[in-house]
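For reference, the chains in residue letters:
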Amino acid sequence: MSASGRNETADDLLAALLDGMDAALCAFDAGGVITHWNREAERILGWSAAEAVGRHGFAGWAVRPADAHDVQDRLMSAQDAPGRQVHEFALLTKDGGRVLVRTQSAAVPGADGKPAGVYCAFSEVHAQIDLERSIALSEALMDDASWGVVLVDVDLRPAVVNAHAARAFGTGRTALLGRPLGELLTQGVEELEGALQHVLAEGAPPAPVELWVSVRTPEGVRRRCWRCGFLRLGSPLAEEPVPLGVGLLFQDVTEARRAELDTGQLRFRANQLYRAGRAAAECEDPAEAAAVRLDFALAGFAEHALVDVLERPGGPESARPRLVRSAVSPSGLTLLLPGRGAIPVRYETGHPALQALDRIGPVRSSSPRGEADEAWARARRWPEGATHALSTVLRSRGRTLGALTFLRGPSRPAFDRADALYAEEVAARVAADLDLAAPDRA
């Protein structure tokens, strides 16, 4: 290829590169004559390259006469200054309008190393400000926003994590990068991954989503409720939207949700006690009234209720207590008070019901690891499938009448302190009914 052919190819390549730039660009020779003008400059000002190249500066066509000298001096001063210079001034469009632009200009060195001209890249100020705002917003979110921010790649692995999110996961920011979500969460990972995949395929949901997750931390597993927002991230450089991943923004609302749940639970239980009292008031037999109270108490609370009464209510405290099974609810049957000669339940020493009698208070227990254990339930004379138990004492008029035990299966959580308080309230009312039903009531 000849030297002229190589020069033409280089010129074509340079023209293609300049026209493909997102920023407007023009260049001046050492005398201030425009030598290059790309398509973005034409888009912003309306002047084509044929109309711009060869002109001396912007005077008389792209700038007001009063500003022409100052603009030319500021642009050409870049030949004598190191690095880049940034200026803002108003240029004229071809149709007579004015555009405020921000320019970056720098010297173009010649073959001898001396300045041979100036190149100037410029853009509309509002576009530049929008870009700077976007960058500032990204940096603020990734620094320490009040929301957790996690950028997840298309493989659903964290790629960028801010400080708030790292604290929520209980580890450092870099320790989270590239790890599968299943290593970070013990529960809720399927729901979170499903939401992320939906966003990649369909786009972000119209409203925030609340997810309950269990987070692995050095201190142990923590159950949290996150209010999540999702953003699908697409490449701005592709002709068609290409997903780069998902932006997950979340806020911990655990305490607020627990407070709402506790309030709703208290309201429901109070309503159940009220309804049970109204229904029990219509029962002629006090034992039937006690059974009605237990059936109301079981709703949303436990699967089974066992009533064990003392063989000799109010007997000497030195005697070993002997409990006789009175009823198992739900059964729809009236509680039957055992007569003389009834066979006591073979409870072993240390049984939760016996502990409740000793303490005159509630006793909670669960099978190992909270899993269904037939041997564990059978050894305690409880129905099959029992996993969590709460035993409390039945007392009326200063006397111990027996024990009331509530049982839950593996699908329910273990009994907590609030459950124990509710069980004591139910037990007090059931004990009053049983005391009325006792044949030897004083």
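One can find the structure itself at the top, above this paragraph.
To keep things clear, this report deals only with the structure shown in the data block. No experiment lies behind these values; they were computed from the predicted model shown.

1. Comments concerning the overall build of the chain
Thought 1: If you tally the helices and strands in the chain, you get 13 helices and 16 strands.
Thought 2: Taking all 442 residues of the chain together, the buried fraction comes to 40%.
Thought 3: Taking the contacts inside the chain whose residues are at least 6 apart along the sequence as the reference set, 52% of them involve residues at least 24 apart.
Thought 4: For the chain, the exposed area adds up to about 24,200 Å²; of that, 53% sits on carbon and sulfur atoms.

2. Let's talk about the pattern of salt bridges
Thought 1: Here the structure, examined in full by the defined rule, presents 20 salt bridges.
Thought 2: The salt bridge partner of D419 is R408, with a shortest N-O separation of 3.3 Å. Of the two residues, D419 is situated in helix α13 (residues 417–437) and R408 in strand β16 (residues 399–408); the sequence distance between them amounts to 11 residues.
Thought 3: Under the relative-accessibility criterion, D419 is labelled buried at 3%.
Thought 4: Among the charged side chains, a salt-bridge network with shared partners connects E210, R227, R257 and E260.

3. Some words on the environment of D419
Thought 1: Placed 29 residues apart in sequence, D419 and L390 show a C-alpha to C-alpha distance of 8.4 Å.
Thought 2: Ignoring sequence-local partners within four residues, the contact set of D419 consists of R269, F301, L390, R408 and A414.
Thought 3: In terms of polar contacts, D419 uses its side chain to reach the side chain of R408, at 3.3 Å.

4. Digging into the pairing of strand β15 (residues 388–396)
Thought 1: Of all nine residues in β15, eight are buried, a share of seventy percent or more.
Thought 2: Sheet analysis places strand β14 (residues 363–366) next to β15, joined by four bridges and oriented antiparallel. Bridging from a neighbouring strand, V363 pairs with S391 of β15.
Thought 3: In this structure, β15 lies alongside β16, joined through nine bridges in antiparallel fashion. Bridging from a neighbouring strand, R395 pairs with T400 of β16.
Thought 4: Between β15 and the antiparallel strand that follows it, β16, lie two residues; R397 among them carries a positive phi value of about 50 degrees.

The rules behind these values
Residues numbered from 1 in each chain as written. Predicted model: local features only at pLDDT ≥ 70, side-chain atom pairs only at ≥ 80, totals over all residues. Heavy atoms only, no water. Helix = DSSP H or I, 4+ residues; strand = E, 2+ residues; numbered from the N terminus. Buried < 20%, exposed > 50% of the residue type's maximum accessible area, 1.4 Å probe, protein only. Contact = heavy atoms within 4.5 Å. Areas by Shrake-Rupley, 256 points an atom, 1.4 Å probe, with all protein chains shown as cover. Salt bridge = Lys/Arg side-chain N within 4 Å of Asp/Glu carboxyl O. Polar contact = N/O pair within 3.5 Å; in protein donor to acceptor, adjacent residues only side chain to side chain. Pairing = 2+ DSSP bridges.

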